[in-house]
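What the coordinates show
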Amino acid sequence: MNKRIFAKKGFTVAESLFAAAIMAFTAICMLELFINCASWLRKGREISVATGHAQYIMEEIRGTDFTQIKSKADSATWNYDAAGLQAKGLVPISAETVSTS
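Now for a description of the structure that goes with this document. Counting from 1, residues in each chain are numbered in the order their sequence is written. The predicted nature of this model means local features are confined to residues of pLDDT at least 70 and side-chain atom pairs, given and counted, to a pLDDT of 80 or more, with totals for whole chains, interfaces and linings taken over all residues. Processing note: side-chain calculations cover all non-hydrogen atoms of the structure and skip hydrogens and water entirely.

Re the overall build of the protein chain
Quick note on the threshold: Note on conventions: DSSP H or I runs of at least 4 residues are helices, E runs of at least 2 residues are strands, and numbering of each starts at the N terminus. When accessible area is computed with a 1.4 Å probe and restricted to protein chains, residues below 20% of their type maximum are described as buried, those above 50% as exposed, and intermediate ones as partly exposed. Any two residues having at least one pair of non-hydrogen atoms within 4.5 Å are treated as being in contact. Surface accessibility follows the Shrake-Rupley procedure with a 1.4 Å probe radius. Residue values consider only the protein chains on display as shielding. All tallies of charge rest on Lys and Arg as positive and Asp and Glu as negative; His and the ends of each chain are not included. Here the site of a charge means NZ on Lys, CZ on Arg, CG on Asp, or CD on Glu.
Helix and strand content of the protein chain: 3 helices and 0 strands. For the protein chain, the α and β elements follow one another from N to C terminus as α-α-α. Each principal axis of the C-alpha distribution contributes one length, and for the protein chain these read about 105 × 20 × 20 Å. Counting all 101 residues of the protein chain, 12% fall into the buried class. Counting only contacts in the protein chain whose residues sit at least 6 apart along the sequence, the fraction spanning at least 24 positions is 37%. As displayed, the protein chain has an accessible area near 8400 Å², and 66% of this comes from carbon and sulfur atoms. Charged side chains of the protein chain number 11 positive and 9 negative; the gap between the two group centres comes to 21 Å.

A closer look at helix α1 (residues 13–62)
Formally: Any helix carries an expected span of 1.5 Å times its number of residues minus one.
Over its 50 residues, α1 extends 73 Å from the first C-alpha to the last, a length consistent with the 74 Å expected when each residue adds 1.5 Å. Residues H53, I57 and I61 constitute the buried set of α1. Its buried side turned inward, α1 meets α2 (69–74) and α3 (82–87).

Nothing here speaks to function; it is geometry throughout.
Written as structure tokens, this is what we have:
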């Protein structure tokens, strides 16, 4: 008989299942990494926008006469909610409020 007929070729079922398990594990890890990166990107954007809002308010305070700063801070002149930020031309983050007290 020809020995080539009985020669092993290809993968066994166990080898195929093992390779599929490795590929599934890798895909799950990559998906988790993608989701975490998207979350970090959103948080970084929110921090950047909030820092811009703080800089805007600091510039308003800097432009105020020194004798009026305390009275304006006490009267909440620079406290803003989302609507107040939009009125100033700024894009608020979800549930953002600015308090200078």
